[in-house]
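Fold and geometry: a report
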Amino acid sequence: TDLSGVANCSLYIDGQLNQINESVTSGVFSNFTVSNLIEKQVSWYVNCTDASVGEVVGVSDSWYLNVSDEVAPEAYLISPGNATSDADGDVVFQYNVSDTQSGISNCSLYLNGSLNQTNTSVSKGTIQQFTVTGIPESTINWSVTCFDNSTAANSNSSENRTLIINHGAPSV
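Read on for a plain summary of the structure. Please read these numbers as outputs of a predicted model, since none were measured by experiment.

Here the focus is the sheet that holds strand β11 (residues 128-132). Here we have 3 strands laid out as an open sheet, ordered β6-β8-β11, and antiparallel in their pairing. Bordering the open sheet on either side are β6 (74-79) and β11, each of which pairs with just one other strand. Geometrically, the sheet is characterised by an average inter-axis angle of 30° between neighbouring strands, direction not taken into account. One ladder, built from 5 bridges, connects strand β8 (residues 91-98) with β11; its direction is antiparallel. Paired with Phe 93 across the bridge in β11 is Phe 130.

As a further point, take the state of the cysteines. A full pass over the atoms with the stated rule returns 2 disulfides. Shown here is the disulfide that connects Cys 9 with Cys 48, its sulfur atoms set 1.9 Å apart. As the torsion about the S-S bond is roughly 105°, the Cys 9-Cys 48 disulfide counts as right-handed. Here Cys 9, found in strand β1 (residues 6-13), pairs with Cys 48, found in strand β3 (residues 40-50); they are 39 residues apart in sequence, far enough to count as distant. Of the residues examined, Cys 9 reaches a relative accessible area of 7% and is grouped as buried. What pairs with Cys 107 in a disulfide is Cys 146, and their sulfur atoms sit 2.0 Å apart. Taking the torsion about the S-S bond as the criterion, the Cys 107 to Cys 146 disulfide, at about 110°, is right-handed. Residue Cys 107 is located in strand β9 (residues 104-111), and its partner Cys 146 is located in strand β12 (residues 138-148); the two are separated by 39 residues in the primary sequence. Exposure class is identical for Cys 107 and Cys 146. Each is buried. Cysteine pairing in the protein follows 1-2, 3-4, where each cysteine in a disulfide is numbered by its order in the sequence.

So, about the pattern of salt bridges. Enumeration over the complete set of coordinates arrives at 2 salt bridges. Ionic pairing is found between Lys 40 and Asp 14, a salt bridge with its closest N-O pair at 2.9 Å. One end of the pair, Lys 40, is in strand β3; the other, Asp 14, is in the loop between β1 and β2 (16-21), with 26 residues separating them in the sequence. Salt-bridge contacts for Arg 161 lead to Glu 159; the nearest nitrogen and oxygen are separated by 3.5 Å.

Attention now goes to the environment of Asp 88. In this fold, Asp 88 is placed in the loop between β7 (84-86) and β8. Residue classification places Asp 88 among the partly exposed residues on the basis of a relative accessible area of 44%. Considered as a pair, Asp 88 and Asn 166 are 78 residues apart in the sequence and their alpha carbons are 7.2 Å apart. At 2.9 Å, the side chain of Asp 88 forms a polar contact with the backbone nitrogen of Asp 90.

Rules used in this analysis
- Residues numbered from 1 in each chain as written.
- Predicted model: local features only at pLDDT ≥ 70, side-chain atom pairs only at ≥ 80, totals over all residues.
- Heavy atoms only, no water.
- Pairing = 2+ DSSP bridges.
- Helix = DSSP H or I, 4+ residues; strand = E, 2+ residues; numbered from the N terminus.
- Axes fitted to C-alpha atoms, helices over the stretch in contact; angles between N-to-C directions.
- Disulfide = S-S within 2.5 Å.
- Buried < 20%, exposed > 50% of the residue type's maximum accessible area, 1.4 Å probe, protein only.
- Salt bridge = Lys/Arg side-chain N within 4 Å of Asp/Glu carboxyl O.
- Polar contact = N/O pair within 3.5 Å; in protein donor to acceptor, adjacent residues only side chain to side chain.

By themselves, these observations are geometric and do not establish any function.
Put into structure tokens, the structure is as follows:
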């Protein structure tokens, strides 16, 4: 047991200083909380500095942690709004998608529960769109489902919205 105490302990991730804990007590377990790690294998170790005049440093072994992404992307519908109408059956469906840990692999448009089309070139945080032409008069439910590009291929679906396609009275 070191009678001079511990001045601080530092967490290093992949060889880079991540954080310093200055309220460490010798002989008592301490924790570091880390968030926003990306999916990969990371190495980590702890470096503690002795409070004595010589500031002797103790370094732990290096450990490895496999970080996995378990957070699904979030898909948000932009337009058309819920319970709105379209007069010609040519509709641009707009949405946005975000994911805090991974990129987006793809997003798909569903009309009345059936896959209509898929976009594999999706950018997070920007308005994306699907264009569908020639939709016959009907009431349709639409939603978007997105998958991230993590090894878990997390997915999530947007809310469902209703769109009324009403071509109106024929012209004479």
